[in-house]
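The chain contents come next:
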Amino acid sequence: MNRQCYDYDILVIGAGHAGCEAAHICARMGLNVLLLTLNLETIAQASCNPAIGGLAKGHLVREIDALAGIMAYVTDKAGIWFKQLNTSKGPAVRSSRAQIDKWLYTKTMRDLLENCKNLHIRQDEAIEVLVRKGRVFGVKTALGQEIYAKAVVVSPGTFLNGLMHIGKRKFSGGRLQEQASVSLAENLKKLGLGGGRFKTGTCPRLDKRTINFSVLTAQEPDKNPIPFSSKTKKITQKQVPCHITYTNSKTHSIIKKSLKYSALYGGVIKSTGVRYCPSIEDKIVKFADKKRHQIFLEPEGRDTCEYYPNGLSNSLPIDIQLKVLHSIVGLEKVKITRPGYAIEHDYIDPRCLYHSLEVKRIKNLFLAGQINGTTGYEEAASLGLMAGINAALNILGKKPFILKRWQAFIGVLIDDLVTKGTAEPYRMFTSRSEYRLILREDNANLRLNELARQIGLMDKETFQQIEKIKKEINVFLNKAATFKIKPSASLNRILKKNKSTPLNKATTLRQLIKRPGINFGNLQKLSFFPHDINKQVKEQVEITFKYNGYIKRQQREIEKLKRIEAIKISTNLNYDKLSGLSKEIKEKLKIYKPRTLGAAYRISGVTPAAIAILMVYLNKKFRS
């Protein structure tokens, strides 16, 4: 096709969390973008629980923000309950979570997109990706249009051939009473993009007016909520509490007797579900020894009567859903506004993608979100952002932007998917990263600022602000390492109060901060340092002092990984000819076809001895 005939530079299919990030970042990078959605009213809808962030997911949201994405900013605008999780544990596993007003979240996202220069939004269904000679050139829509674009990002979420289940009833759909994307699923299969089926689900929604809050335990938000985005100075909107209740023996008995009516246990659903977010049927069957399960009651918004009973995802008939709810304390007279359901949807094997998220066999076609085998808003948004960045860079004739495992959780997410694939819906955990003490939520902007600047995502003012913080951290680190503190009655009272040994001789501020239970907050009133010092500066210095040995060890491991990551492996390498490798390892290498020695190292079951054999072989081949 003649380049002058293109309607848009980039076309994005689907306006979920992945599609919104992809469309926005492409437009921000100066390209002419069309965002195609089935329904303008449901842009960035929270289909499942009304929350953003959580364990490890909070890391992703802050990395999205550091790379000029918009999820963090919109969450700050729509958040109604902010909480820092795991505050009693180490900094590597601390994460942020926010309940959102889901209607305000959608409105805020739509307003942002509609006021974004170069970005156009249209309601229509993409039914076919147009490809010629191994290159995408647009899409065909259900309304009979052919829209031409230089690159296409496909992000259909659970709508890709979605099939919904409530008991024995099943019907096509991407969300309750919203049509599935069936034609597009068939088209992708014809293009040779194979995959499988995954299952997810959601909880019934409850009428707030029928919940007995007086017998429930309130979960208050943090008094001083910490924003997700570096652009947000302070959370000023009114916060609301969540509440906790529990299932009980009566609840479990009802579910056990009703398993034959469940779509999941009645044999209707065949696909793989989310192991780390099980349905209530799964919990009762697989954790039969547990006497109760927590139900977290989350408001869907500040001005709506709907509540989300997090922990009660199921595929039971509606009448049984009611019986289950009525057996729970505080929900004895509750009414359902929308039933819970399970949904099966297609996904594409992510091993067909480059790390840029471009399809290997089709130039300028990118996949993002649940189509890549993930679950969760934050994972989807991360993939959408990276697919959008790389689609734009492709059109601009620039090299792809690839985050490494040691640079970001987003890098871990993508590397896991495209290197190893996934046999179940992929969910992010801090444990998936080998370097989680370095890839903390609190330093995402510091880690990624320079990378964002290099590809033109960071405005000059924001970049300079973050670089200033980096300099202040280094200055404070050097000063605190040598600054002497003498024993005093006031200091020893603070040390004793925090169960630390009193000081009997002078020591450095660094040695004092390294003590368990002692932090800059304890010492602030003693004026050992300026009171107006930046909060992030104090936080980073404190973490560096307390975990210095562990951080240095991970940095050494990263340097080792960088070296083996640089050693390339040909996709045509005949592993059968390599002596010393077991048959099992050869089979795994042939299946995954790693492109680097580092990627081979991360394949489960590939031993260090096997890596050594590969390294010797590749070095010999390079010298020859």
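Here the structure is a predicted model, which means the values were calculated and not measured.

Undergrad: I would appreciate a short explanation of the overall build of the protein in the present structure.
TA: In terms of regular secondary structure, the protein is built from 20 helices and 22 strands. For the protein, whose C-alpha radius of gyration is 26 Å, the value lies close to the compact-globule estimate of 25 Å for 624 residues. Its C-alpha atoms give the protein principal-axis dimensions of about 80 × 75 × 55 Å. Out of the 624 residues belonging to the protein, those deemed buried represent 56%.

Undergrad: Whenever I open this one, the nonpolar core confuses me. Can you help?
TA: The tendency in soluble globular proteins is for nonpolar side chains to be buried side by side. Among the nonpolar cores identified, the biggest contains 128 residues, and Ile10, Leu67 and Ile389 are the most heavily contacted of them. When residues of this core are assigned to their parent elements, the largest contribution, 12 residues, is made by helix α9 (residues 377-395). Apart from the residues lying within four places of it in its own chain, the contact partners of Ile10 are Cys26, Leu31, Asn32, Val33, Leu34, Ala149, Ala151, Val153, Ala391, Ala392 and Ile395. Ranked by size, the runner-up nonpolar core spans 23 residues in total, among them Ile469, Leu491, Phe520 and Val541.

Undergrad: Before we go on, may I ask you to explain the packing of aromatic side chains in this structure?
TA: Ring pairs (aromatic) are described by centroid distance and by the angle formed between their planes. Evaluation of the coordinates by the stated rule reveals 6 aromatic pairs. Consider the rings of Phe137 and Tyr148, whose centres lie 6.0 Å apart with planes at 25 degrees: the pair is stacked. Pair noted here: Phe137 is in strand β8 (residues 135-141) and Tyr148 is in strand β9 (residues 146-154), with a separation of 11 residues, a long-range link. Relative accessible area serves as the criterion here: at 10%, Phe137 is assigned to the buried category. Note that Arg292 overlies the ring of Tyr246, its terminal NZ or CZ placed 3.6 Å from the centroid.

Undergrad: Help me understand the sheet that holds strand β3 (residues 51-53) in this model?
TA: Pairing between sheet strands relies on hydrogen bonds along the backbone, with the strands arranged either parallel or antiparallel. If you walk across this open sheet you meet the 3 strands as β3-β5-β4, and the pairing is antiparallel. Each edge of the sheet is formed by a strand with only one pairing partner; in this case those strands are β3 and β4 (79-85). Averaged over all adjacent pairs, the angle separating strand axes in this sheet is 20 degrees, with direction ignored. Strand direction decides the pairing type here: β3 and strand β5 (residues 95-100), joined by 3 bridges, are antiparallel. Paired with Ala51 across the strands is Gln99, a residue of β5.

Undergrad: Would you mind showing me how to read the environment of Ile70 here?
TA: Within the element layout of this structure, Ile70 appears in the loop between α2 (57-66) and α3 (71-78). Residue Ile70 is classed as buried on the basis of its relative accessible area, which comes to 5%. C-alpha of Ile70 to C-alpha of Leu385: the two residues are 315 residues apart in sequence and 9.2 Å apart in space. Here Ile70 is in contact with Cys20, Glu21, His24, Ile64, Met109, Leu112 and Leu113, once residues within four sequence places are set aside.

Undergrad: In this structure, what is going on with the sheet that holds strand β13 (residues 205-207)? I would like to understand it.
TA: Across the sheet, 6 strands lie side by side as β14-β15-β16-β17-β13-β18; this open sheet has antiparallel pairing. Each end of this open sheet is capped by a strand with a single partner; those strands are β14 (217-219) and β18 (336-338). Geometrically, the sheet is characterised by an average inter-axis angle of 35 degrees between neighbouring strands, direction not taken into account. Here β14 pairs with strand β15 (residues 242-246) via 3 bridges, running antiparallel. In the strand pairing of β15, Ala218 is matched with His243.

Undergrad: Any chance you could explain the pairing of strand β19 (residues 341-348) here in plain terms?
TA: In regular strands, side chains alternate between the two faces of the sheet. Counting buried positions over the 8 residues of β19 gives 8, a clear majority of the element. Side chains Tyr341, Ile343, His345 and Tyr347 project from β19 onto one buried face, and the interleaved Ala342, Glu344, Asp346 and Ile348 project onto a second face that is buried too. Bridge analysis of strand β10 (residues 163-166) against β19 gives 3 bridges, and the strand direction is antiparallel. Directly across from His165, in β19, lies its bridge partner Ala342. Pairing analysis gives 8 bridges linking strand β12 (residues 195-202) to β19, with the strands arranged antiparallel. Bridging across to β19, Arg197 finds its partner in Asp346.

Undergrad: How do you make sense of the environment of Thr482 when you look at a structure like this?
TA: Note that Thr482 resides in helix α12 (residues 460-482). With relative accessibility at 57%, the residue Thr482 sits in the exposed group. In sequence terms Thr482 and Ile466 are 16 residues apart; their C-alpha atoms lie 25 Å from each other. Within the structure, Thr482 has its side chain in polar contact with the backbone oxygen of Asn478 (distance 3.5 Å).

Undergrad: Can you walk me through the packing of helix α11 (residues 444-454) against α12 in this structure?
TA: Any two packed helices are characterised by the angle at which their axes cross and by the distance between the axes. Taken N-terminus to C-terminus, the directions of α11 and α12 make an angle of 135 degrees; their axes are 10 Å apart at the nearest point. When the interaxial angle is binned, α11 and α12 end up oblique. In the crossing of α11 with α12, the sense of the turn from one axis to the other is left-handed. Contacts between α11 and α12 involve Asn445, Leu446, Asn449, Glu450 and Arg453 on the former and, on the latter, Thr462, Phe463, Ile466, Glu467, Ile469, Lys470 and Ile473. For the contact of α11 with α12, a count of residues per class yields 5 nonpolar, 3 polar and 4 charged.

Undergrad: Please explain unusual backbone geometry as it appears in this structure.
TA: Excluding glycine, most residues fall at negative phi; most peptide bonds, likewise, are trans. Residues other than glycine seldom take positive phi values, yet Ala56 does so here, at roughly 70 degrees. Mapped onto the elements of the fold, Ala56 is located in the loop between β3 and α2. Residue class for Ala56 comes out buried when judged on its relative accessible area of 0%. Positive phi, normally seen in glycine, also occurs at Gln177, with a value near 65 degrees. Note that Gln177 resides in the loop between β11 (169-172) and α5 (182-190).

Undergrad: How do you make sense of a positive patch on the surface when you look at a structure like this?
TA: Together, Lys360, Lys404, Lys568, Lys593 and Arg595 make up a positively charged patch on the protein surface. Along the chain, the position of Arg595 falls in the loop between α18 (583-592) and α19 (597-601). Residue class for Arg595 comes out partly exposed when judged on its relative accessible area of 43%.

Undergrad: In this structure, what is going on with the environment of Ile343? I would like to understand it.
TA: Position of Ile343 relative to the elements: it lies in strand β19. Of the residues examined, Ile343 reaches a relative accessible area of 4% and is grouped as buried. Taking the C-alpha atoms as reference points, Ile343 and Thr158, separated by 185 residues in sequence, lie 7.6 Å from one another. Those residues in contact with Ile343, other than ones at most four positions away along the chain, are Thr158, Gly162, Leu163, Met164, Gly173, Gly174, Phe198, Lys199, Thr200 and Gly201.

Undergrad: Explanation requested: the pattern of salt bridges in the structure shown.
TA: Between side chains of opposite charge, a pair can form when the charged atoms approach closely. If you walk through the whole model with that rule in mind, you get 34 salt bridges. For Arg110, the salt bridge goes to Glu41, with nearest N and O atoms at 3.6 Å. Taken together, the residues span a long stretch of sequence, with Arg110 in helix α4 (residues 102-114) and Glu41 in the loop between β2 (33-37) and β3 at a distance of 69 residues. Looking at Arg110, the relative accessible area reads 22%, which means it is partly exposed. Classification of Glu41 by relative accessible area gives exposed; the value is 55%. A salt bridge links Lys590 to Asp576, with the shortest nitrogen-to-oxygen separation between them at 3.1 Å. With Lys590 in helix α18 and Asp576 in the loop between α17 (548-565) and α18, this pair connects stretches of sequence that are 14 residues apart.

Scoring rules and cut-offs
Residues numbered from 1 in each chain as written. Predicted model: local features only at pLDDT ≥ 70, side-chain atom pairs only at ≥ 80, totals over all residues. Heavy atoms only, no water. Helix = DSSP H or I, 4+ residues; strand = E, 2+ residues; numbered from the N terminus. Rg over C-alpha atoms; globule rule 2.2 N^0.38 Å. Buried < 20%, exposed > 50% of the residue type's maximum accessible area, 1.4 Å probe, protein only. Core = buried A, V, L, I, M, F, W, Y, C linked by side-chain atoms within 4.5 Å. Contact = heavy atoms within 4.5 Å. Phe/Tyr/Trp six-rings, centres within 6.5 Å; stacked < 30°, edge-to-face > 60°. Lys NZ or Arg CZ within 6 Å of the ring centre and 35° of its normal. Pairing = 2+ DSSP bridges. Axes fitted to C-alpha atoms, helices over the stretch in contact; angles between N-to-C directions. Polar contact = N/O pair within 3.5 Å; in protein donor to acceptor, adjacent residues only side chain to side chain. Parallel < 35°, antiparallel > 145°, perpendicular 65-115°, else oblique. Left-handed = near helix turned anticlockwise from the far one by under 90°. Nonpolar A, V, L, I, M, F, W, Y, C, P; charged D, E, K, R; others polar. Patch = residues over 30% accessible without salt bridge, like charges linked within 9 Å, V, L, I, M, F, W, Y side chains within 5 Å. Areas by Shrake-Rupley, 256 points an atom, 1.4 Å probe, with all protein chains shown as cover. Salt bridge = Lys/Arg side-chain N within 4 Å of Asp/Glu carboxyl O. Lys, Arg positive; Asp, Glu negative; His and termini not counted. Charge placed at Lys NZ, Arg CZ, Asp CG, Glu CD.

Read these as layout, nothing more, since geometry by itself doesn't imply function.
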